[in-house]
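# Geometric and topological summary
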Amino acid sequence: MQLRDNLATETGWDITEQRFDSGQLVTNGSNFMTGNGYLGYRGTFPEWRKAEYVGCVVSDTYDNADGKWTELCTVPNGLFAEAELVDIVSDRSPVSLFEGKTFSYERSLNVRYGVQHRSVEWGRGNEIEVAIRDARFASYTDLHLLCQTYSLDAHSDMKVRFTAGIDGDIWSLNGEHYSDRVTGEQNESLYFDCVTQEKGLPITVATTVVMTGAQPLRSSRRMEKNACYVVYEFELESGQRISSNQYMAVYSGNDSGDPRRAALSSLERAVETGYEALLVSHKAVWDDRWNRCHVTIEGDPAAQTVLRYCLYQNAIATPAHTDHLPIGARGLSCQAYQGAAFWDQEIFNLPVFMYTEPEIARRILVYRYRTLNGARKKAEDLGYGGAFYAWVSADTGEEICPSFFFEDVLTGRKIRNHFNDWQIHVSPDIAFTIWKYYQATGDFEFLVDYGAEMMFEIARFLWIRAFYNPARDRYEYIRLLGPDEYHENVDNNLFTNYQAQYSFRRALQIYQLLAERAPEALETLKRTIGLSDAEPEHWQRVLDKIYIPAPREKDRVIPQFDRFFELEDVRPDELESRLLDPGEYWGWPNGVAVHTQVAKQADVIQLFAIHPDAYRRDVMKANYAYYEPRAQHGSSLSLSVYSMVASWIGRMDQAYEYFMRSCTVDLFNANKAVSGGTFIGGIHTAASGAAWQIVVFGFAGARVHQDGVYLDPHMPPQWDRVEFLMTFHRNDLRIEIGRSSVRLQADPANAEPVPVLVRGDRRSVAPGETVEL
């Protein structure tokens, strides 16, 4: 089935590029990537190098090489493999997609098991000389391991030189991260040791090449300062095949006290096990993951395919193996956005795990606990108290968002943005998610050990940050930057104020819960963080008088922030025509959108998306009608939000359109790779995670409250059936929604019945029971 232009699918589990497009090297390197949450390997080809944006990004390797950008490191490429045809006078012709003639070509990504395949028939003239096939996967049974298989079939008699090993010429966005490099060999493996510039972190990449098929005439090792290879020379007859299995292992000093030894041991195990057996065990892990997170869509193969693609990308971006690392805004597809967490992590990436694999959601929230001191430091540095979480958060939680993120492409001058000091909603967004996690899981132990301390420190920050306006006898939040990042230095952003109000309410609720169920733990926590008996009273006072902008009487539209309706009322296409350069940043301080009502992304509508029961449907409809034509959707976060809200208010055509656009923002290369002179390409992991929410929260109308699961479906007319899993308080419920029916099936292993409300019909589904409505 053709998806678009050059992309197709055969099974609904694969994405296939049908012809090579040299203009899409950056985009397709991300789109066809493999990964496992520890590392991400871009979807490039074995013979490619730095110029083709080859990159293996490894988690927990944060380093600052240029004095501005702290980012994850790309490591030496231990899967380099190149075939060269050697003629009579020993001239060598590399088999290259950029030279010669390609007779057939296909690159595909199997998203069910995270395996990239490439097949190509190639020659220097008018006849096919070689057929090459390769495949690669990032192991889920050994997270430090990448496995690659490569074969070359000769279509005539020929001499071939095959070179494989580690290429240390690295594509890095923001400088050289390594001060020391050492190459060497041990037993049958090659290794490449390096040390990062800023932190002195040792990293080892090791590789082993196992040749099968035709036997080489000779082989040799080539050791260089920045590379190490094994070189094989062959004389092939027509029909003969060269084939290899190549294994790459990566360890840093954060993984092992002896990274080289650990990497070489990983390779020994891999060689002993073999490529096919490794693939079988790797697939078994994916089968278990898909059994929980998969969403079935019947009647719309295109939607099913792109949804699976998004679920795959969200999974491989997530460090599910640990509780001290974040989900990066571009995952591990490249170094853009520094491999760090934004508010995206809690609002867009995490919900799919919260309701399908809650142990992963717990680990991601524990990451926020482990970075609480960084949030405290940021608040203190800015003159506040409590926890003001970093807008861009890496391993320590200290703010790594540069004050000058963009530059004015017209003048070359730096732009001072205030993402790192005015965008305070990140803290209440984390508080919101902590409560939602507790609602979904009933995990009181998490509240006692981690959640309460974070909630109290966030409430403390919001209390201190609030501004009391005596003229109106209310608390306000001024000098803000809401989700719409084009409008900085605004007062009383609706989304921020509402989230702050919600955070106070839930912090007080958790305080009471601990007082009733764990009074000793509460007293210990109060002593630990210096929380007096009077401080919750301050939170209550702000909660009672916090200002929440109200809908206008004439049309029920809520202002995004104070004096919003005084801004010029234009549309995004009109603003685009005013640009002097297509690379201009539209926002603060001088961008074309600053003094207009054009929003970069959903803001008021974002509030509706995460608080769907906060406003009546007529208010939701009025605001959708007003803000939708004024949204530029300059952020990949925006489309999913508009899709969900459109489904709730009956705009099904728009809901479906926004769903498909959101799911294909990467596949169809719909967003800019460069904004304001800064590279922001790579996989938009928030859009990937949001795909699940559009179907489950949007079209299926699922909600989870303290008293159970709520369903109010609004399905696209072209869909026959949707099926998905939700877990409530660790009890699994499989939900099937047809055109006019709902089927609920509780897992026999559940510990208790699952309470469900379907369009007002309340049921309790016992373990093993199936209910049809």
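Structure's up top.
Everything in this summary refers to the structure shown in the same document. Just so you know, these numbers come straight off a predicted model, no measurement behind them.

Now for the overall build of the protein chain. For the protein chain, the helix and strand inventory stands at 19 helices and 38 strands. Taking 2.2 N^0.38 as the reference for a compact globule, 773 residues should give roughly 28 Å; the C-alpha atoms of the protein chain span a radius of gyration of 27 Å, in line with that estimate. Taken over the C-alpha atoms alone, the protein chain extends approximately 90 × 60 × 60 Å along its principal axes. Out of the 773 residues in the protein chain, the part that is buried amounts to 64%. Partitioning the contacts of the protein chain with sequence separation of at least 6, the portion at a separation of at least 24 is 66%.

Turning to the sheet that holds strand S5 (residues 39-41), a few remarks are in order. With antiparallel pairing, the three strands of this open sheet are ordered in space as S4-S5-S6. Whereas interior strands pair on both sides, the edge strands pair on one side only; in this sheet they are strand S4 (34-35) and strand S6 (56-58). The pairing of S5 with S6 spans three bridges and is classified as antiparallel. Looking at the pairing, Tyr41 lines up with Cys56 of S6.

Scanning the model with the defined rule gives 57 salt bridges in all. Linking Arg739 and Asp720 is a salt bridge whose minimum nitrogen-to-oxygen distance equals 2.6 Å. Linking Arg739 in the loop between strand S34 (731-738) and strand S35 (742-746) with Asp720 in the loop between strand S32 (708-711) and strand S33 (721-728), this pair joins segments that are 19 residues apart in sequence. Given the relative accessible area of 36%, Asp720 is considered partly exposed. Each of Glu298, Arg721, Glu723, Arg734, Glu736, Arg743 and Glu772 takes part in salt bridges that share partners, so that together they form one network.

The next point concerns the packing of helix H8 (residues 372-381) against helix H10 (residues 444-465). Where H8 contacts H10, the two axes come as close as 11 Å, and the packing angle between them is 10°. It follows that H8 is roughly parallel to H10 by the angle criterion. For the pair H8 and H10, contact is made by Leu372, Arg376 and Ala379 and by Glu453, Met454, Glu457 and Phe461, respectively.

Within this structure, the stated rule accounts for 56 aromatic pairs. Taken together, a centroid distance of 6.0 Å and an interplanar angle of 80° make the contact between Phe342 and Trp391 edge-to-face. Here Phe342, found in the loop between helix H4 (301-317) and helix H5 (344-349), pairs with Trp391, found in the loop between H8 and strand S23 (406-407); they are 49 residues apart in sequence, far enough to count as distant. Overall, Phe342 belongs to the buried group, its relative accessible area being 8%. Here Trp391 falls in the buried class, since its relative accessible area comes to 1%. Consider the rings of Trp343 and Phe495, whose centres lie 5.9 Å apart with planes at 70°: the pair is edge-to-face. Linking Trp343 in the loop between H4 and H5 with Phe495 in helix H11 (residues 494-517), this pair joins segments that are 152 residues apart in sequence.

All right, on to the pairing of strand S3 (residues 14-17) then. Burial along S3 is two-sided: the face carrying Asp14 and Thr16 and the face carrying Ile15 and Glu17 are both buried. The loop that links strand S2 (residues 7-8) with its antiparallel partner S3 comprises five residues; one of these, Gly12, has a positive phi angle of about 85°. The pairing of S3 with strand S11 (residues 101-110) spans four bridges and is antiparallel. Bridge pairing in S11 places Asp14 opposite Asn110.

Let's shift gears to the packing of H4 against helix H18 (residues 652-663). It is at 9 Å that the axes of H4 and H18 come closest, and there the two elements cross at 45°. In this view, H4 runs oblique relative to H18, as classed from their interaxial angle. The handedness of the crossing between H4 and H18 is left-handed. Mapping the contact onto sequence places Ala302, Ala303, Val306 and Cys310 in H4 and Tyr656, Phe659, Met660 and Cys663 in H18. For the contact of H4 with H18, the residue count by class is eight nonpolar, no polar and no charged.

A cis amide bond links Trp588 with the next residue in sequence, Pro589, at an omega value of 0°. As for its position among the elements, Pro589 is in the loop between helix H14 (572-577) and helix H15 (604-610). Of note in the backbone geometry, Asp473 takes a positive phi value of approximately 50° without being a glycine. Structurally, the position occupied by Asp473 is in the loop between strand S25 (467-469) and strand S26 (474-476).

About the cut-offs
Residues numbered from 1 in each chain as written. Predicted model: local features only at pLDDT ≥ 70, side-chain atom pairs only at ≥ 80, totals over all residues. Heavy atoms only, no water. Helix = DSSP H or I, 4+ residues; strand = E, 2+ residues; numbered from the N terminus. Rg over C-alpha atoms; globule rule 2.2 N^0.38 Å. Buried < 20%, exposed > 50% of the residue type's maximum accessible area, 1.4 Å probe, protein only. Contact = heavy atoms within 4.5 Å. Pairing = 2+ DSSP bridges. Salt bridge = Lys/Arg side-chain N within 4 Å of Asp/Glu carboxyl O. Axes fitted to C-alpha atoms, helices over the stretch in contact; angles between N-to-C directions. Parallel < 35°, antiparallel > 145°, perpendicular 65-115°, else oblique. Phe/Tyr/Trp six-rings, centres within 6.5 Å; stacked < 30°, edge-to-face > 60°. Left-handed = near helix turned anticlockwise from the far one by under 90°. Nonpolar A, V, L, I, M, F, W, Y, C, P; charged D, E, K, R; others polar.

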